[in-house]
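Each chain, written out:
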Amino acid sequence: SEDVAEGKPAESNSRRVDWEPPSSVTDNHDGTVWRSANHPNLKTDDDGVPLPLEEQPELVPVFVSIDLLAVHSVRGAWIYWHENIRSGRWALESSLDNVTWTTQHVEIPGLAHDNHFTFGRGAAPTVLARYLRVIELEPDYGDRWGMRTFRVYGCPATSPFATTEDPPVPEVAGDVDGGARRLKEGNGNAPPKREKEKVKYKKDITPSVTAVAPHRGSTAGGTTVTITGAGFGGPDDTPDDARVFIDDVECAVQAASGTEITCVTGDHHTTGRLPVWVLVPGVGFAAPEFEGWYQYIDAWSAHTTWGGLPPPEEGDSVSIPPGQTVLLDVSPPRLFALLIQGALIFDEVDIELDAHYIMVNGGSLTVGTEEEPFEHNAVITLHGGPRQLWLPVYGTKVIGVRNGVLDLHGRKHDITWTRLGETAEVNATDIVLQEPVDWPVGAHIIVTSTDWDRYHTEEAVILDVSDDGLTLSLEDRLQHEHVGETREVAPGRFFEIRAEVGLLSHNVVVQGDDTSEQFEFGGTVMLHSKGHESVVGRIEDCEFRQMGQAFTLGKYPIHFHMIGNVKRSYVRRNSVHRTYNRAITIHGVHHLRVQSNVAYRTMGHTFFIEDAIETKNVIEGNLGAVTDASRALLNTDQSPATFWITNPDNYVRGNAAAGSQNYGFWYRAERHVTGAAASAGMGDNVCPQGTPLLEFSGNTAHSNGRYGLRIFDVYEPREDPCNSNSPLVQANFTGLNTYRNGKNGVTWTAGATINFKDFIVAENNLAGFEMPGAQGGFIDGDWGQSTVRDSL
């Protein structure tokens, strides 16, 4: 309530969470949360996502409101959410009488921790209101939501700076003097009328702010900020009299003209993104024509960040508390542990961060953003060995994320792998690609095997790139032939046999230390906390190397673990190579997007769906090359697959499996949910062996030790997956190109109503299709319901 000048404390109609009672509704404390509309009567869809409130009229939307005690001309609002416990879709509403509410802003669940907006758009730069509230339009994924701050900006309606469109202020009881008063009570009777004051807003004579640069600086102040716009001189053309405020702290004006103001920031007691106001003499506040904000931030290199002491030294453990944002503007010495409960942001300079443990607990770690990818070089190195202290669940040598956000965004490359445009002969130093690429000179790439030996995949370094991006010159000669051709094998039927070429190098790197190879014990990234969307991981255009910890379940290079729905998260256009325990693991999560990644030299199943409870995940456009066995994980890891699919209710399309020790794609539909999900009592109504196939299309499998595609052991999709008497449904596997595998192109052991369409199966050592179940005894259903058609 202290954030609202001359207003009384905010109120909520929701019961606060009992385990951490707050001192007030908005008390700047992360523990302030409310029960969502998600109570036992909440209706959800098949994925457990709550239905919109309009479909659940018996539920009462949750809201938090503020009484300003008088009608104010409200210019904007700022809502700072609890780090990852926020409402679903919500609205900001205003009212003059606490009865009739007008929607001013509707927000879909965002990616930021705060939402700041102004009403300076359209006809009116402000809204007249006494009451404002944030109201839930759709329930959160969890059972609670909350905010740290609900702040409103404006001035009393009698202020000379108050403006509105015509007609102006609706009638209220009493004088509009900024003092407390009571609206007239009665049976819906209108308040007594008063004389209207007509105020006309004219945009063409209103000062405006169009840009603020830079967007951030130290809480200690002293940052020079340039504000551009128009009309800063006011009617008397006196721009030197203009004043600038960032939040409630004045920015000392150094120079001013009608279109530009330079000021030096003052010190601010907290970090965060805050609004910028320009007060123009004789006019009032300039109207922002963009989301005008400035971020107060604590620089790692500044003594003021550490209470006047020097920055952390080697071996120190560092904690960034809730509410603090630190800019990593230098490469610190190796840390023992880094706990992030606030926010750590990499500055746009070359940075190295070394630590044994990095734990994001309720906070955020940011290296670039989706809108502004990181352009310099960032290297995060994780240190330690198998005998180092292990954190519960997360382990050691780890970036762990719990109720937090991990943003890793390297320099964007639209194409991370393609195929050869023509055959590259032995001793070739140039290769021609099917598609143009923007890969940099000096980058490491792979060219996959196109024969029966997966180790004929070669790693190379780019020496030069042609102007059209189609030809790469290599530092060293190729040791093996890599085919890139199309063969017409029947009239109008073509067989593509082309090596894949994948990019390994990226400018944002997460890696294990120099001891990783010796002990097969690399770094890990683990995202885990229970509850839909309780963790957000956005990882793109990054390189992960010397990662994963051999012979240890759960310690994988990139691991989404037992979260539930993760619709806001993705792993795309990354490379994961030379790992000791898988590449990307999807465990107990739904709706994760795993797209356009390159995985090379991995141990155990590479792209791994773990417990058979995982559904609606998108595994698309990935390349996996050289998958080796692991002798101490699951038994099946001794005969690994590049793509291991335990539940058919996932999208698997456009991927390439090039050179697994055993299998390219293995559909191992379990009878029931397994592993940690089963131990937690989850998935009683999930029966993967009877689950219809969501999608398998457009994939390629070649140069694998045994099979390109294996369906083992039983798969019999039904209308009701858990009812063996339910009618069978068709499972359509389409568009597989599989060739030069050590045994068969496709092996299908036992099942029913399986259709293979538009397959090309060629030059496999033993057979194109193998169906051992056809010998009898293993098939549930009529073999006549299964087909191979339109295939070669």
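Okay, so let's go over this structure. Since we're looking at a predicted model, the values are computed, not measured.

**Topic: the overall build of the protein**
Right, on to step 1. Scanning the protein for helices and strands turns up two helices and 63 strands.
Right, on to step 2. Residue burial in the protein is summarised as follows: out of 792 residues, 57% are buried.
Right, on to step 3. Contacts in the protein between residues far apart in sequence, at least 24 positions, make up 70% of those at least 6 positions apart.
Right, on to step 4. Per element, the accessible surface of the protein, about 31,200 Å² overall, is 48% carbon and sulfur.

**A short note on a negative patch on the surface**
Right, on to step 1. A cluster of acidic residues, Asp-236, Asp-237, Asp-240 and Asp-241, forms a negative patch at the surface.
Right, on to step 2. Asp-241 sits in the partly exposed class, given a relative accessible area of 49%.

**Re the state of the cysteines**
One way to say it: the disulfide is the covalent bond shared by the sulfur atoms of two cysteines.
Right, on to step 1. For the coordinates displayed, the defined rule picks out two disulfides.
Right, on to step 2. Across the disulfide from Cys-251 sits Cys-263; the S-S distance is 2.1 Å. Residues Cys-251 and Cys-263 share a disulfide whose torsion about the S-S bond is about 90 degrees; that sign makes it right-handed. Separated by twelve residues along the polypeptide, Cys-251 in strand β14 (residues 249–256) and Cys-263 in strand β15 (residues 260–264) bring together distant segments of the chain.
Right, on to step 3. With a relative accessible area of 1%, Cys-251 lands in the buried category.
Right, on to step 4. The disulfide partner of Cys-687 is Cys-722, and the S-S distance across this bridge is 2.0 Å. With the S-S bond torsion at 105 degrees, the cross-link from Cys-687 to Cys-722 turns out right-handed. Here Cys-687 is found in the loop between α2 (675–679) and β54 (695–697), whereas its partner Cys-722 is found in the loop between β56 (707–715) and β57 (731–734), with 35 residues between them in sequence.
Right, on to step 5. Sequential numbering of the bridged cysteines in the protein gives the disulfide pattern 1-2, 3-4.

**Observations concerning the nonpolar core**
Right, on to step 1. With 73 residues, the main nonpolar core has Leu-338, Leu-344, Phe-346, Ile-358, Phe-544, Leu-709 and Phe-733 as its most contacted residues.
Right, on to step 2. The element best represented in this core is strand β24 (residues 351–361), accounting for five residues.
Right, on to step 3. Judged by nonpolar contacts, the second largest core, of 24 residues, contains Ala-242, Ile-261, Cys-263 and Val-278.

**Some points on the sheet that holds strand β30 (residues 430–432)**
Right, on to step 1. Strand order in the open sheet formed by six strands is β29-β36-β31-β32-β33-β30, with antiparallel pairing between adjacent strands. Each edge of the open sheet is held by one strand with a lone partner, namely β29 (417–419) and β30. Along the sheet, successive strands turn relative to each other by an average axial angle of 35 degrees, direction set aside.
Right, on to step 2. With four bridges joining them, strand β31 (residues 444–447) and strand β32 (residues 458–465) adopt antiparallel strand pairing. When the bridges of β32 are listed, Ile-446 appears paired with Glu-459.

**Digging into unusual backbone geometry**
Right, on to step 1. Between Ala-213 and Pro-214 the backbone carries a cis peptide bond, its omega angle lying at -5 degrees.
Right, on to step 2. Among the secondary structure elements, Pro-214 is positioned in the loop between β10 (208–213) and β11 (216–218).
Right, on to step 3. Residue Asp-713 follows Phe-712 across a cis peptide bond; omega there is 5 degrees.
Right, on to step 4. For Asp-713, the location among the structural elements is in strand β56.
Right, on to step 5. Phi is positive for Asn-403, close to 50 degrees, though the residue is something other than glycine.
Right, on to step 6. Inspection of the secondary structure puts Asn-403 in the loop between β27 (398–402) and β28 (405–409).
Right, on to step 7. Of note in this structure, Phe-551 is not a glycine but carries a positive phi near 70 degrees.

**Describing the packing of aromatic side chains**
Right, on to step 1. Per the stated rule, a full pass over the model turns up 23 aromatic pairs.
Right, on to step 2. Aromatic side chains Phe-607 and Phe-643 sit 4.8 Å apart centroid to centroid with 5 degrees between the ring planes, which places their arrangement in the stacked category. Taken together, the residues span a long stretch of sequence, with Phe-607 in strand β47 (residues 607–609) and Phe-643 in strand β50 (residues 641–645) at a distance of 36 residues. Across this residue pair, the class does not change: Phe-607 and Phe-643 are buried.
Right, on to step 3. Ring centres 4.9 Å apart and planes at 75 degrees place the aromatic pair Tyr-663 and Trp-666 in the edge-to-face group. Like Trp-666, Tyr-663 is buried.
Right, on to step 4. Taken together, the ring pairs in this structure connect Phe-607, Phe-643, Phe-665, Tyr-667, Phe-696, Phe-733, Trp-748, Phe-756, Phe-759 and Phe-769 into an aromatic cluster.
Right, on to step 5. Between the NZ or CZ atom of Arg-582 and the centre of the ring of Phe-608, over which it lies, the distance is 3.7 Å.
Right, on to step 6. One cation-aromatic arrangement involves Arg-710 over Phe-712; the distance from NZ or CZ to the ring centre is 4.1 Å.

**Notes on the side chain of Ser-703**
Right, on to step 1. Among the secondary structure elements, Ser-703 is positioned in the loop between β55 (700–702) and β56.
Right, on to step 2. Overall, Ser-703 belongs to the buried group, its relative accessible area being 1%.
Right, on to step 3. A distance of 3.3 Å separates a polar side-chain atom of Ser-703 from the backbone oxygen of Ser-449.
Right, on to step 4. At 2.9 Å, the side chain of Ser-703 forms a polar contact with the side chain of His-702.
Right, on to step 5. Excluding residues that lie within four positions of it along the chain, Ser-703 makes contacts with Ser-449, Thr-450, Asp-451, Arg-454, Gly-659, Ser-660, Tyr-739, Arg-740 and Asn-741.

**Describing the pairing of β14**
Where a strand is regular, its side chains alternate between the two sheet faces.
Right, on to step 1. Examined bridge by bridge, strand β13 (residues 243–246) and β14 share three bridges and lie antiparallel to one another. Residue Phe-245 lies in a different strand from β14, and its bridge partner there is Glu-250.
Right, on to step 2. Counted along the chain from β13 to the antiparallel partner β14, the turn is two residues long, and its residue Asp-247 has a positive phi close to 60 degrees.
Right, on to step 3. As consecutive antiparallel partners, β14 and β15 are separated by three residues.

How each quantity is defined
Residues numbered from 1 in each chain as written. Predicted model: local features only at pLDDT ≥ 70, side-chain atom pairs only at ≥ 80, totals over all residues. Heavy atoms only, no water. Helix = DSSP H or I, 4+ residues; strand = E, 2+ residues; numbered from the N terminus. Buried < 20%, exposed > 50% of the residue type's maximum accessible area, 1.4 Å probe, protein only. Contact = heavy atoms within 4.5 Å. Areas by Shrake-Rupley, 256 points an atom, 1.4 Å probe, with all protein chains shown as cover. Patch = residues over 30% accessible without salt bridge, like charges linked within 9 Å, V, L, I, M, F, W, Y side chains within 5 Å. Salt bridge = Lys/Arg side-chain N within 4 Å of Asp/Glu carboxyl O. Lys, Arg positive; Asp, Glu negative; His and termini not counted. Charge placed at Lys NZ, Arg CZ, Asp CG, Glu CD. Disulfide = S-S within 2.5 Å. Core = buried A, V, L, I, M, F, W, Y, C linked by side-chain atoms within 4.5 Å. Pairing = 2+ DSSP bridges. Axes fitted to C-alpha atoms, helices over the stretch in contact; angles between N-to-C directions. Phe/Tyr/Trp six-rings, centres within 6.5 Å; stacked < 30°, edge-to-face > 60°. Lys NZ or Arg CZ within 6 Å of the ring centre and 35° of its normal. Polar contact = N/O pair within 3.5 Å; in protein donor to acceptor, adjacent residues only side chain to side chain.

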